[in-house]
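A look at the structure
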Amino acid sequence: MLTDHSVNDFGSYVAGQSHAMAGATIAASAALACALGEACARISTSRLEDWDNCARAEGLADQLGSTRATLTSLADLDGEALLAFEAAAAAGRAAEGKDHLCRLPLEIGVAACSAAAALQAFRPLVRGVQDDLEMAITLLSGAGRAAALLLDSNLRIWPEPELLAAYEPELARLRQALAGLEPATSVR
């Protein structure tokens, strides 16, 4: 598994491949951004006085932990899918795996966007780590946009009617959700 390695080893592995591992890189980046958001929610829990708000912060932290695990798994799945696709293409079976390589960036983008939206909604409750929360939202928003771009790229490379029919509407929904995100442009 790609994500069982250190960040340095993961980066070296991606840099040394004969193919660009955009999906795995985007998913791993989003997982790290989720970890930052999760920390912000947990830190805020200890600083909130109202029990309901503490429970909300703890629930958000748990949700982000689950999303982080999903994104980590998607990073591994994308790396495996890309290797399997290349092997199939080399064996003359290029049609295999295209749907999977479109589904993965969509799932990555939706997960990153959902996590960013949840953190954005948490803004009024964050305590002591407001700037860090904004950085997590910005990173997740960027990961979501990168995942949408990857899906768009795959649909450009493989403009097959079945793929376009399945994924263009999904891509439009993801882009609409991303447009609803409002990452901070300044923390001053």
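Let me begin by describing the structure that accompanies this report. (Residues numbered from 1 in each chain as written. Predicted model: local features only at pLDDT ≥ 70, side-chain atom pairs only at ≥ 80, totals over all residues. Heavy atoms only, no water.)

A few points about the overall build of the chain
A count of helices and strands for the chain gives six helices and zero strands. Along the chain, from the amino end to the carboxyl end, the secondary structure elements read α-α-α-α-α-α. Here the C-alpha atoms of the chain give a radius of gyration of 18 Å, agreeing with the 16 Å that 2.2 N^0.38 yields for 188 residues. A fraction of 74% describes how many contacts in the chain between residues 6 or more apart in sequence connect residues 24 or more apart. Looking at the chain as shown, the accessible area adds up to about 9400 Å², and 56% of this sits on carbon and sulfur atoms. Within the chain, one finds 14 positive and 24 negative side-chain charges whose respective centroids are separated by 5 Å. (Helix = DSSP H or I, 4+ residues; strand = E, 2+ residues; numbered from the N terminus. Rg over C-alpha atoms; globule rule 2.2 N^0.38 Å. Contact = heavy atoms within 4.5 Å. Areas by Shrake-Rupley, 256 points an atom, 1.4 Å probe, with all protein chains shown as cover. Lys, Arg positive; Asp, Glu negative; His and termini not counted. Charge placed at Lys NZ, Arg CZ, Asp CG, Glu CD.)

Observations concerning the packing of helix α5 (residues 130-157) against helix α6 (residues 161-179)
Across the interface, α5 lies against α6 with an axial gap of 10 Å and an inter-helix angle of 160°. Accordingly, the angle class assigned to the pair α5 and α6 is roughly antiparallel. Between α5 and α6 lies a crossing whose hand is left-handed. Residue-level contacts link Ser141, Gly144, Arg145, Ala148, Leu151, Asp152 and Leu155 of α5 to Leu163, Leu164, Tyr167, Glu168, Leu171, Leu174, Arg175, Leu178 and Ala179 of α6. Here the residues of the contact of α5 with α6 sort into 10 nonpolar, two polar and four charged. (Axes fitted to C-alpha atoms, helices over the stretch in contact; angles between N-to-C directions. Parallel < 35°, antiparallel > 145°, perpendicular 65-115°, else oblique. Left-handed = near helix turned anticlockwise from the far one by under 90°. Nonpolar A, V, L, I, M, F, W, Y, C, P; charged D, E, K, R; others polar.)

Some thoughts on the side chain of Asp78
Relative to the assigned elements, Asp78 resides in helix α3 (residues 51-90). An unpaired buried charge is present at Asp78: no salt bridge exists, and Arg103, the closest side chain of opposite charge, is 12 Å distant. Aside from chain neighbours lying at most four places away, what touches Asp78 is Gly23, Ala24, Leu101 and Leu104. (Buried < 20%, exposed > 50% of the residue type's maximum accessible area, 1.4 Å probe, protein only. Salt bridge = Lys/Arg side-chain N within 4 Å of Asp/Glu carboxyl O.)

Description of the state of the cysteines
Inspection of every chain in the model, using the stated rule, returns zero disulfides. Cysteine Cys34 shares no disulfide, and the gap to the nearest cysteine sulfur, in Cys40, comes to 11 Å. (Disulfide = S-S within 2.5 Å.)

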